[in-house]
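Observations on chain architecture
If you want the building blocks of each chain, they are given just below.
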Amino acid sequence: MDAENVIATRELTKRYNGQAAVDGLTFSVRAGEVYGFLGPNGAGKTTTLLMLLGLTEPTGGQVRVMGIDPAREPIKVKRQIGYLQENMGFYRDLSGWQSLNYIAELNGIYGADARARIEAALVQTGLENEAHKKVGAYSRGMRQRLGFAEILLKNPRIAFLDEPTLGLDPDATNRMLEMIQDLCRRQKMTVLLSSHLLHQVQRICHRVGIMIGGHLVAEGPMQKLAAEKLGVGQEQYTLEEIYMKYFKES
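Owing to the predicted nature of the structure, the values given are computational and were not obtained by experimental measurement.

**Quick look at the overall build of the protein**
Within the protein one finds nine helices and nine strands. Principal axes of the C-alpha set define a box for the protein whose edges measure 55 × 45 × 35 Å. A total of 250 residues make up the protein; the buried ones form 48% of that total. For the protein, long-range pairs separated by at least 24 residues make up 67% of all intrachain contacts whose partners lie at least 6 apart in sequence.

**Here we look at unusual backbone geometry**
Both trends apply: most residues other than glycine have a negative phi, and most peptide bonds are in trans. Phi is positive for Asn155, close to 50°, though the residue is something other than glycine. In this fold, Asn155 is placed in the loop between α5 (140-154) and β6 (158-162). For Glu163, which is not glycine, the phi dihedral falls at a positive 50°. The topology assignment puts Glu163 in the loop between β6 and α6 (170-187).

**What to know about the side chain of Gln144**
Its location among the elements puts Gln144 in helix α5. Looking at Gln144, the relative accessible area reads 1%, which means it is buried. Excluding residues within four positions of it along the chain, Gln144 makes contact with Leu84, Gln85, Glu86, Met88, Glu163, Pro164, Leu166, Leu168 and Met176.

**A few points about a nonpolar patch on the surface**
Taken together, the side chains of Tyr91, Tyr102 and Leu106 make up a nonpolar region of the molecular surface, amounting to roughly 350 Å² of accessible area. Position of Leu106 relative to the elements: it lies in helix α3 (residues 96-106).

**Things to note about the packing of α5 against α6**
Geometrically, a packed helix pair is captured by the angle between its two axes and the distance between the axes. Where α5 contacts α6, the axes come no closer than 12 Å and their chain directions differ by 15°. Put simply, α5 runs roughly parallel to α6. Of the two elements, α5 crosses α6, and the hand of that crossing is left-handed. Judged by residue contacts, Gln144, Phe148 and Leu152 of α5 engage Met176, Met179, Ile180 and Leu183 from α6. Residue composition of the contact of α5 with α6, by class: six nonpolar, one polar and no charged.

**Some thoughts on α5**
Its 15 residues place the ends of α5 22 Å apart at the C-alpha level, agreeing with the 21 Å of an ideal helix rising 1.5 Å per residue. Buried residues dominate α5, accounting for 12 of its 15 residues. Restricting attention to buried positions, one finds in α5 the residues Gly141, Met142, Gln144, Arg145, Leu146, Gly147, Phe148, Ala149, Glu150, Ile151, Leu152 and Leu153. Here the buried face of α5 lies against β5 (81-84), α3, α4 (111-124), β6 and α6. One or two steps after α5, the chain reaches Asn155, where phi turns positive at roughly 50°.

Here is what the cut-offs are and how they apply
Residues numbered from 1 in each chain as written. Predicted model: local features only at pLDDT ≥ 70, side-chain atom pairs only at ≥ 80, totals over all residues. Heavy atoms only, no water. Helix = DSSP H or I, 4+ residues; strand = E, 2+ residues; numbered from the N terminus. Buried < 20%, exposed > 50% of the residue type's maximum accessible area, 1.4 Å probe, protein only. Contact = heavy atoms within 4.5 Å. Patch = residues over 30% accessible without salt bridge, like charges linked within 9 Å, V, L, I, M, F, W, Y side chains within 5 Å. Areas by Shrake-Rupley, 256 points an atom, 1.4 Å probe, with all protein chains shown as cover. Salt bridge = Lys/Arg side-chain N within 4 Å of Asp/Glu carboxyl O. Axes fitted to C-alpha atoms, helices over the stretch in contact; angles between N-to-C directions. Parallel < 35°, antiparallel > 145°, perpendicular 65-115°, else oblique. Left-handed = near helix turned anticlockwise from the far one by under 90°. Nonpolar A, V, L, I, M, F, W, Y, C, P; charged D, E, K, R; others polar. Expected span 1.5 Å × (residues − 1).

Any functional reading would require information that these geometric values do not contain.
Set out below in structure tokens:
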């Protein structure tokens, strides 16, 4: 793996009953960047994330996260990453504060350090006034923010975010996007962001990769992709226009 890349795959493949969900995927994510991982449902994005997390083994090819093979050392990988799922699961009878304290203990964070991290994460995600309410009473958007608070608490090297703004109102969405940018800028965290909301991806991502039918059909900064598919240089363009061009041609 190149020293600059914290995520790297080579010819990564996953088959289910002979069908390729991911087929010969080669891509990399550099340290400290926000990488937008795009594609329609069934494109292979979730399967790729599961292999990066060590939750399913590849059928073929190679994958490294922080230089580690997730299939061989999944616990070692998990210690260095945070994962925000599209549908976060929590113990409904615990409060938000108790949920974060539980995660802190699982990660070996105790006492004053745990309390300081929990309070800071609650403030950053705007949940400080809801901290002692049971999670079962949280809205979907509040659960998304609590999931992001877990990542802030853990302060990992890499964050995998699957539809992080799902269920959030415009103000909370704006705060979430600013937090993601801040993680990269100030804490040098690397973010792999999977989302269908292309205008949000365009706003914060340094590079994007477009997956269709298990294949990576395009990768690079948006200006490069726009020049390749739309023939534009410095003209105005949108990620949606670029994405639809690749989608239609694939």
